[in-house]
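# Summary of structural features
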Amino acid sequence: MLGMIWWCRSWAVKWIWVNILSLLVLAGMAATNLDRLQQLALSRYGVEVARLVGEWRTLLPPVPGSNELDKLERINNFFNRRIRWVEDSVLWQQDDYWATVLETLGKGAGDCEDFAIAKYVSLLLAGVPESKLRLTYVRLQRPERTEPEAHMILAYYATPSSEPLILDNFNPDIKPAAQRPDLTPVYAFNATQLWFRGPNPSSSDPTVRISRWRDVLARLQAEHTL
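Counting secondary structure elements, the chain contains eight helices and nine strands. Split into buried and exposed, the 226 residues of the chain put 42% on the buried side. Residue pairs at least 24 apart in sequence account for 52% of intrachain contacts in the chain once pairs closer than 6 positions are excluded. A total accessible area of about 12500 Å² is found for the chain, and carbon and sulfur atoms account for 58% of it.

Moving on: the packing of helix H2 (residues 47-57) against helix H3 (residues 68-82). Taken N-terminus to C-terminus, the directions of H2 and H3 make an angle of 155 degrees; their axes are 11 Å apart at the nearest point. Regarding the angle of H2 to H3, the classification is roughly antiparallel. Here Leu52, Glu55 and Trp56 of H2 come into contact with H3, specifically with Phe78, Phe79 and Arg82. A class-by-class count of the residues in the contact of H2 with H3 yields four nonpolar, no polar and two charged.

For the rest of this paragraph, the subject is helix H8 (residues 211-222). Under the 1.5 Å per step criterion, the end-to-end length of H8 is 17 Å for twelve residues, consistent within 8% with the ideal 16 Å. Here H8 has its buried residues at Trp213, Val216, Leu217 and Leu220. All buried residues of H8 lie within an arc of 105 degrees about the axis, which places them on one face of the element. If you follow the buried residues of H8, they end up packed against helix H5 (101-107), helix H6 (112-125), strand S3 (133-140), strand S7 (183-189) and helix H7 (206-209).

Cut-offs and rules
Residues numbered from 1 in each chain as written. Predicted model: local features only at pLDDT ≥ 70, side-chain atom pairs only at ≥ 80, totals over all residues. Heavy atoms only, no water. Helix = DSSP H or I, 4+ residues; strand = E, 2+ residues; numbered from the N terminus. Buried < 20%, exposed > 50% of the residue type's maximum accessible area, 1.4 Å probe, protein only. Contact = heavy atoms within 4.5 Å. Areas by Shrake-Rupley, 256 points an atom, 1.4 Å probe, with all protein chains shown as cover. Axes fitted to C-alpha atoms, helices over the stretch in contact; angles between N-to-C directions. Parallel < 35°, antiparallel > 145°, perpendicular 65-115°, else oblique. Nonpolar A, V, L, I, M, F, W, Y, C, P; charged D, E, K, R; others polar. Expected span 1.5 Å × (residues − 1). Arc of directions from axis to C-beta.

By themselves, these observations are geometric and do not establish any function.
And the structure:
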C-alpha cells in the first residue's frame, strides 16, 4: 500500500513538473515572439513606438497577488488612455479596417474594433483563458444621437453563465452588462467560437464567417504577436 501511495505521489510530482516546464517553455516562446515584435516596431515605426510596445509588454506578466480583474483593469486603462479614437476612413482611408495590436500602437489611434482586438490579444498574452473573452458586436445608443450605431466591445465572462464585464473605449469604466443599457448585443466571437444572441455557441467557424477576423489573426501571427 505504501509503495502504491509513493508511486502515486511520485507520478503526481512528475506530472506537476512536466506541466510547469511546459508553461516555462511556452512563456519563453511568448517572450521571444514579443522580442521580435518589439524589433519590428522599431524598424517599422521608430524608437517612440518601440518604447510604447515595451510599456505595453510590462502589463502582460503576472503581478504577485494580482488576479484576472487586475489584468482587465490594467489593460483596459492602458489602451483607453494611450490610444485615440479615430475613424477608419481617416486613419486607414478605408471604410472598415481591423488593425493588429502593433498597427494600433504604431498609429496611436484606432476605432472600436481596434480597441477591442488590442485588449483581447493582450489579455490572452496575460494568461486569461480564451473561453472567457468574446469580441462582441453591439448596437450603441448614444444620448446625442437618435439612432443606434454599430460598435464593438470586449466582454469578459468569469464563468460561462456569469454576467459579462464590458471593456469599452467609449465608456472607460469596466461595468457589468446590466449597467450598460446603452448596448444591445448582436453577436460575439473569439478565435474558436461564434455566438448569436444566446448563451450557446454556434457550430460555425468564426474565421470563416468573419473574413476581417481571419485576416487580422493572420497578420497577428505574421507580426509575432500570437
